[in-house]
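Chains, contacts and geometry: an overview
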Amino acid sequence: NQAALDGTNMSLDQEVHINFSNKTDSGLTITAVNEFSTEDSANDDVFMTISGGFGTLKMGDSDSVASGYDFNALDLIQEESAGQLSSDVANTANLATISTDSGIGGDNTRNVSYSLPAMGGLTAGISMGTSETLVGSDDFTAFGVAYNLEASGANVTVGYATSTKEAATADTDKSSIGVKIAYGDITFEAGNGTSEAVNEDISSQTVGLTYKISDALSVGFASATAEDDLDTGEEYDANHYEAVYTVASGLTAVVTVSDFDYKAGTASDNSASNMNGTTTQLKLKAAF
């Protein structure tokens, strides 16, 4: 809804993944993963794992276990756009602090994670990490648990994740709970998230559905809502529509339409403005 932000752009995402794996004589599986974002010369995930009957130990720069257990229905959509929640043309980051989904993220930084071996349908894990060396400056912990079962031909997963990041003023506490149901060619997911920090008490909800029409074509829809109880009137709503077409082996075309509406609220502690708009994307994805 602002002329300075209304236009067309092009972008590129490119990553190189280098993976190693070794199995010891004692039965341990050791892996090393190196992921590089080559379009901006940055590291993404760089870590190693040790797996065996005791579970899996993961160490390095990577997401915590929270990213594997939180429920965010927008994960069903490949290329959704949250919208630019800022009137600053030069600033591509969202200046609003409100959540745009129900996930809690993984705090991609140095951490150690431990995941229990699967016990029936039950899985769980815990992470501890930091991106600083000063005590209490940026330490975080995360925990996740999920249970998977088959019910009347459907695959059902329910789970919960939580994380706490320390800060000098006030900690940031996040949680996510939800359910995912896969039945034939249909997948449904719903999640509820919370985030409490300095001047923030945010609740968010997402719901999504995908349908596989054929081996080559699938369609999906997901929506997100959020509000901050400590900032009267601060609200966010978004809807995402997507079609994914497999052109050939390793080549996929994705068309995504995302519309959003953000209200900054009456006591915003950020420099965001009321914003709304629609983003239409065509993305070609190749894997080698």
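Preceding block: the structure.
Brief notes about the overall build of the chain
Looking only at helices and strands, the chain has one helix and 15 strands in total. At 20 Å, the chain has a C-alpha radius of gyration in line with the 19 Å of a compact globule built from 288 residues. Its C-alpha atoms give the chain principal-axis dimensions of roughly 65 × 50 × 45 Å. Restricting to contacts in the chain with at least 6 residues of sequence separation, those with at least 24 account for 49%. The centroid of the 10 positive side-chain charges in the chain is displaced by 8 Å from the centroid of its 42 negative side-chain charges.

Let's talk about the nonpolar core
In terms of nonpolar packing, the biggest core is built from 15 residues, with Leu85, Ala96, Ile98, Tyr236, Phe260 and Tyr262 touching the most fellow members. Tallying contributions element by element places strand E12 (residues 217-228) first for this core, with three residues. Look past the residues within four positions of Ile98 in its chain and what remains in contact with it is Leu85, Ile202, Ala226, Glu227, Asp228, Glu234, Glu235, Tyr236 and Tyr262. Counting residues in hydrophobic clusters, the runner-up holds seven residues, among them Val65, Ala142, Ala146 and Ala161.

Remarks on a negative patch on the surface
On the surface, a cluster of negative charge is contributed by Glu166, Asp171, Asp173 and Glu196. On the secondary structure map, Asp171 appears in the loop between strand E8 (154-165) and strand E9 (172-183). A residue is classified by how much of its surface remains accessible, and Asp171, at 35% relative accessible area, is partly exposed.

Structural notes on unusual backbone geometry
Non-glycine residue Ser152 carries a positive phi angle of around 55°. Position of Ser152 among the secondary structure elements: in the loop between strand E7 (140-151) and E8. Of note, the phi angle at Asn199 is positive, near 60°, even though the residue is not glycine. Topologically, Asn199 is positioned in the loop between strand E10 (186-197) and strand E11 (200-212).

Section: the pairing of strand E5 (residues 109-115)
Where strand E4 (residues 55-62) and E5 come together, seven bridges link them in antiparallel fashion. Bridging from a neighbouring strand, Ser62 pairs with Thr109 of E5. With five bridges joining them, E5 and strand E6 (residues 122-129) adopt antiparallel strand pairing. Bridging across to E6, Asn111 finds its partner in Gly129.

Some points on the packing of aromatic side chains
Going through the model one piece at a time under the given rule, you end up with one aromatic pair. For the pair Phe221 and Tyr241, a centre-to-centre distance of 5.2 Å together with 40° between the ring planes defines the contact as tilted. With Phe221 in strand E12 and Tyr241 in strand E13 (residues 235-248), the pair connects residues that are 20 residues apart, well separated along the chain. Tyr241 gets classed as partly exposed once you look at its relative accessible area, which sits at 39%. Sitting over the ring of Phe47, Lys58 keeps its end group 4.3 Å from the ring centre.

Digging into the pattern of salt bridges
Evaluated as defined, the whole model comprises five salt bridges. Asp13 serves as the salt-bridge partner of Lys283, at 2.7 Å between the closest nitrogen and oxygen. Separated by 270 residues along the polypeptide, Lys283 in strand E15 (residues 275-286) and Asp13 in the segment before strand E1 (15-23) bring together distant segments of the chain. With a closest N to O distance of 3.2 Å, Glu79 and Lys285 form a salt bridge. With a gap of 206 residues between them, Glu79 in the loop between helix H1 (66-69) and E5 and Lys285 in strand E15 connect regions that are remote in the sequence. Residue classification places Lys285 among the partly exposed residues on the basis of a relative accessible area of 29%. Taken together, the salt bridges that share partners define one network made up of Asp13, Glu79, Lys283 and Lys285.

Considering the pairing of E1
Sheet analysis places E1 next to strand E2 (residues 29-37), joined by nine bridges and oriented antiparallel. Within the sheet, the bridge partner assigned to Val16 lies in E2 and is Phe36. In this structure, the hairpin formed by E1 and E2 is closed by a connection of five residues, where Gly27 is found at a positive phi of approximately 100°.

Digging into a nonpolar patch on the surface
Nonpolar side chains collect at one region of the surface, where Ile181, Tyr183, Ile186, Phe188, Val207, Leu209, Tyr211, Ile213 and Val219 lie side by side and expose about 730 Å² of accessible area between them. Contributing elements (two or more residues each) for the nonpolar patch: E9, E10 and E11. Top element by residues in the nonpolar patch is E11. It accounts for three residues. Along the polypeptide, Ile186 turns up in strand E10.

The rules behind these values
- Residues numbered from 1 in each chain as written.
- Predicted model: local features only at pLDDT ≥ 70, side-chain atom pairs only at ≥ 80, totals over all residues.
- Heavy atoms only, no water.
- Helix = DSSP H or I, 4+ residues; strand = E, 2+ residues; numbered from the N terminus.
- Rg over C-alpha atoms; globule rule 2.2 N^0.38 Å.
- Contact = heavy atoms within 4.5 Å.
- Lys, Arg positive; Asp, Glu negative; His and termini not counted.
- Charge placed at Lys NZ, Arg CZ, Asp CG, Glu CD.
- Core = buried A, V, L, I, M, F, W, Y, C linked by side-chain atoms within 4.5 Å.
- Buried < 20%, exposed > 50% of the residue type's maximum accessible area, 1.4 Å probe, protein only.
- Patch = residues over 30% accessible without salt bridge, like charges linked within 9 Å, V, L, I, M, F, W, Y side chains within 5 Å.
- Areas by Shrake-Rupley, 256 points an atom, 1.4 Å probe, with all protein chains shown as cover.
- Salt bridge = Lys/Arg side-chain N within 4 Å of Asp/Glu carboxyl O.
- Pairing = 2+ DSSP bridges.
- Phe/Tyr/Trp six-rings, centres within 6.5 Å; stacked < 30°, edge-to-face > 60°.
- Lys NZ or Arg CZ within 6 Å of the ring centre and 35° of its normal.

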